[in-house]
Amino acid sequence: TTPQVIPSLLRNAATKPPAVLIFTMCYWPEPTGIGPMATDLAEWLADLGWKVTVVTGFPLMPDWEIYPECRGKLFERRIRNKTEIFRSWVYCPRRPRAGRMKTWKRLVFDSTLVFTAVATLLSRRPPDVIVAIGPPLQTGFASLFLKRLWGCPALYWMQDIVPDAAVNVGMMKDGAALRLARRMERAVYEGVDRIGVISDGFRNNLSAKNIAPQKLALLPNWADAETFDATPADAGTRSSLGWDPADFVVMHAGSMGAKQRLENVVGAFRQLEAVDRLRLVFLGGGNCSDAIRSEARRLDVKRVVFLPTAAQADYINLLRAADLLLINQAGTVIDALIPSKLLTYLLAGKPVVAAVNAESETAKFIRRAGCGLIAEPDRPGALAAAILRLENDPAARMRLGAAGAAFVRAHCDKTVLLDRFAAVLTRMASRAGRVPARGVEVAHARHR
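Everything numeric here is computed off the predicted structure, so don't read it as measured data.

J.: I keep staring at the overall build of the protein chain and nothing clicks. Help me out?
T.: The number of helices and strands found in the protein chain is 16 helices and 16 strands. With respect to the three principal axes, the spread of C-alpha positions in the protein chain is 70 × 55 × 45 Å. Restricting to contacts in the protein chain with at least 6 residues of sequence separation, those with at least 24 account for 74%. Entry remark: accessible area of the protein chain is about 19100 Å², with carbon and sulfur atoms responsible for 54%. Taking the 60 positively charged and 42 negatively charged side chains of the protein chain as two groups, their mean positions are separated by 5 Å.

J.: Help me understand the side chain of threonine 39 in this model?
T.: Mapped onto the elements, threonine 39 comes out in helix α1 (residues 34-47). The class for threonine 39 is buried, based on a relative accessible area of 9%. Those residues in contact with threonine 39, other than ones at most four positions away along the chain, are Tyr27, Trp28 and Arg80.

J.: Would you mind going over the pairing of strand β7 (residues 154-158) with me for this structure?
T.: Here is the key point about a regular strand: its side chains alternate between the two faces of the sheet. By the criterion of burial, β7 is predominantly enclosed, with five of the five residues buried. Sheet topology note: the strand β6 (residues 129-134)/β7 ladder contains five bridges and is parallel. Note that in β7 the partner of isoleucine 130 across the bridge is alanine 154. Tracing the backbone out of β6, into helix α3 (residues 137-150) and back to the parallel element β7 gives a crossover that is right-handed. Relative to strand β8 (residues 194-197), β7 is paired through three bridges, and the arrangement is parallel.

J.: Where do I start with the packing of aromatic side chains in this structure?
T.: Centre distance and the angle of the planes are the two values used to describe a pair of aromatic rings. Tallied over the full model, the rule gives five aromatic pairs. Relative to tryptophan 222, the ring of tryptophan 157 has its centre 5.6 Å away and its plane inclined at 10°; by these criteria the two rings are stacked. Taken as a pair, tryptophan 157 in strand β7 and tryptophan 222 in the loop between β9 (216-218) and α7 (225-230) lie far apart in primary sequence, 65 residues in all. Side by side, tryptophan 157 and tryptophan 222 carry an identical accessibility label, which is buried. Taken together, a centroid distance of 5.5 Å and an interplanar angle of 85° make the contact between phenylalanine 365 and phenylalanine 407 edge-to-face. Taken together, the positions of phenylalanine 365 in helix α13 (residues 361-369) and phenylalanine 407 in helix α15 (residues 394-411) put the pair 42 residues apart, joining distant regions of the chain. Taking the relative accessible area as the measure of exposure, phenylalanine 365 reaches 12% and is therefore buried. Among the aromatic side chains, those forming a connected cluster through ring pairs are Trp157, Trp222 and Phe421.

J.: Before we go on, may I ask you to explain the sheet that holds strand β13 (residues 324-328) in this structure?
T.: Sheet strands pair via backbone hydrogen bonds, and the direction of the pair is either parallel or antiparallel. Taken together, the six strands give an open sheet; going across it, the order is β12-β11-β10-β13-β14-β15, and neighbouring strands pair in parallel fashion. Because the sheet does not close on itself, it has two edges, and the strands there are β12 (304-307) and β15 (372-375). Pairs of neighbouring strands in the sheet enclose a mean axial angle of 25°, with direction left out of account. One ladder, built from six bridges, connects strand β10 (residues 248-253) with strand β11 (residues 278-283); its direction is parallel. Bridge assignment links valine 249 to a residue of β11, and that residue is arginine 279. The strands touched by helix α11 (residues 312-321) within the sheet are β10, β11, β12 and β13, with β10 carrying the most contacts at an inclination of about 140°. Against the sheet, helix α14 (residues 380-391) touches β10, β11, β13, β14 (352-355) and β15, its axis set at about 160° to β15.

J.: What is the right way to read the sheet that holds strand β2 (residues 19-23) from this model?
T.: One open sheet holds the eight strands; their spatial order is β4-β5-β3-β2-β6-β7-β8-β9, and the pairing between them is mixed. One side of each edge strand has no neighbouring strand; the edge strands of this open sheet are β4 (75-80) and β9. The average angle at which neighbouring strand axes cross in this sheet is 20°, direction not considered. Where strand β3 (residues 51-57) and strand β5 (residues 83-88) come together, six bridges link them in parallel fashion.

J.: Please explain the packing of α3 against helix α5 (residues 176-191) as it appears in this structure.
T.: To describe two helices that pack against each other, one gives the angle between their axes and the distance between the axes. The N-to-C vectors of α3 and α5 enclose an angle of 45°; their axes lie 9 Å apart at closest approach. As summarised for this structure, α3 and α5 are arranged oblique, according to the angle between their axes. When the axes of α3 and α5 are compared, the crossing they make is left-handed. Contacts between α3 and α5 involve Leu137, Gln138, Gly140, Phe141, Leu144 and Lys147 on the former and, on the latter, Ala181, Met184, Glu185, Ala187, Val188 and Gly191. Its residues placed into classes, the contact of α3 with α5 shows seven nonpolar, three polar and two charged.

J.: When you look at a nonpolar patch on the surface in this model, what are you seeing that I'm missing?
T.: On the surface, a cluster of nonpolar side chains totalling about 330 Å² of accessible area is made up of Leu74, Phe75 and Trp89. Structurally, the position occupied by phenylalanine 75 is in strand β4.

J.: How should the environment of leucine 383 be read in this particular structure?
T.: In this fold, leucine 383 is placed in helix α14. On the accessibility criterion, leucine 383 (0% relative accessible area) is buried. Sequence spacing of leucine 383 and glutamine 271 is 112 residues, and the spatial spacing of their C-alpha atoms is 9.9 Å. The contact partners of leucine 383, leaving out residues within four places of it in the chain, are Asn264, Val265, Ala268, Leu326, Asn328, Val353, Ala355 and Ala375.

J.: I'm lost on the pattern of salt bridges in this one. Help?
T.: It is possible for side chains of opposite charge to pair when their charged atoms get near one another. Applying the stated rule across the entire model yields 27 salt bridges. The closest approach of N and O atoms between lysine 302 and aspartate 300, which form a salt bridge, is 2.7 Å. One salt-bridge network, in which partners are shared between bridges, spans Lys73, Glu76, Arg78 and Arg87.

J.: Before we go on, may I ask you to explain the packing of α13 against α15 in this structure?
T.: Running from amino to carboxyl end, α13 crosses α15 at an angle of 100°, the nearest separation of the two axes being 8 Å. Between α13 and α15, the crossing angle belongs to the class labelled roughly perpendicular. Where α13 approaches α15, its residues Phe365, Arg368 and Ala369 are matched on the opposing element by Ala403, Gly404 and Phe407. Its residues placed into classes, the contact of α13 with α15 shows four nonpolar, one polar and one charged.

Scoring rules and cut-offs
- Residues numbered from 1 in each chain as written.
- Predicted model: local features only at pLDDT ≥ 70, side-chain atom pairs only at ≥ 80, totals over all residues.
- Heavy atoms only, no water.
- Helix = DSSP H or I, 4+ residues; strand = E, 2+ residues; numbered from the N terminus.
- Contact = heavy atoms within 4.5 Å.
- Areas by Shrake-Rupley, 256 points an atom, 1.4 Å probe, with all protein chains shown as cover.
- Lys, Arg positive; Asp, Glu negative; His and termini not counted.
- Charge placed at Lys NZ, Arg CZ, Asp CG, Glu CD.
- Buried < 20%, exposed > 50% of the residue type's maximum accessible area, 1.4 Å probe, protein only.
- Pairing = 2+ DSSP bridges.
- Right-handed = clockwise from strand over helix to strand, strands pointing away.
- Phe/Tyr/Trp six-rings, centres within 6.5 Å; stacked < 30°, edge-to-face > 60°.
- Axes fitted to C-alpha atoms, helices over the stretch in contact; angles between N-to-C directions.
- Parallel < 35°, antiparallel > 145°, perpendicular 65-115°, else oblique.
- Left-handed = near helix turned anticlockwise from the far one by under 90°.
- Nonpolar A, V, L, I, M, F, W, Y, C, P; charged D, E, K, R; others polar.
- Patch = residues over 30% accessible without salt bridge, like charges linked within 9 Å, V, L, I, M, F, W, Y side chains within 5 Å.
- Salt bridge = Lys/Arg side-chain N within 4 Å of Asp/Glu carboxyl O.

As structure tokens, this is what we get:
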């Protein structure tokens, strides 16, 4: 289905299309986390007839290394899929070999884009609306400056709640840095015109911080079922990796960071060493990937494989090739994040085991979808028991996998949720008088 959009404002040649500036730390070609979501949003709006400008850094995720073709560059401008992309230099700290990244390095990383990118925007024509994607909070803070400079409305779209998520995983503790982050959080929430939240839990978190309900817009993450379905299945994926048909493959895909607390997964597999057909696969990278490898060596976990981040088609087929997919979070994480990879997991039609807080947003989503088991977090034995339970129950695996795929297709459709996002932005632009009120009513004519 190809969207053909006929905004009434474009019927009058004298009326310009609405313009949006999207401020995000990650963007295409980064394959995980915020990058794909930001790219989908920008290109969807461009297809709807918006003039879209993306301001971002040079790509470096998930391995915390600037991509080779971008090294040494300070600025870059390019057009891709009708979207104007401005990239500027960011400080990229070296990935830690053990433990977590130092807080000051992460703060500098999160802040440099604000200073390098905003400087390039000062002479540009103002957009009609700004979208700042967080984390980090600094993108939202930058949007306040641009809002004042240009007199246009700003929306802050939250993928994590910062600094709550950082506190939950021990990256920030009481002190000057946390107090500053709390003040910045309050300034962003009060200064922007709308706040996009991806779940009811996020909305409840902000309501408890006395943020007015009318400022909050529920803008969940989506699943790209069309791309998934269009990717041909590769029946040779398992054999190409040396997996026997009788092997039971448990896979964790995506970022390997402090929030994932993946030492718990390694510990669980240490307890499962006697089950010969079990295989553990870590697919992806992140700033804790070296530490997880070291932990696997320390515990002498033999049947574990680390695979690099894969291209989209390969990533989809690797998920399909697994028997069970894993989510792991620190037990202190409750309402501060939901892993976006969960939606892609479910499109693969595989069951999920999640070692997460039972009251977390992730656990609530899995219970709603009926797609897997919840294990007590930070307890390797509990995760090991949940894995064994599904390993021994093929019928349950089939039932849970089918339920998850059906739920995502019914409730997380990319077309529906991106159209909702576009509607929020057009209303913001109209109410601010940036575009004619009649001009923001968008008619979608879809042709097969």
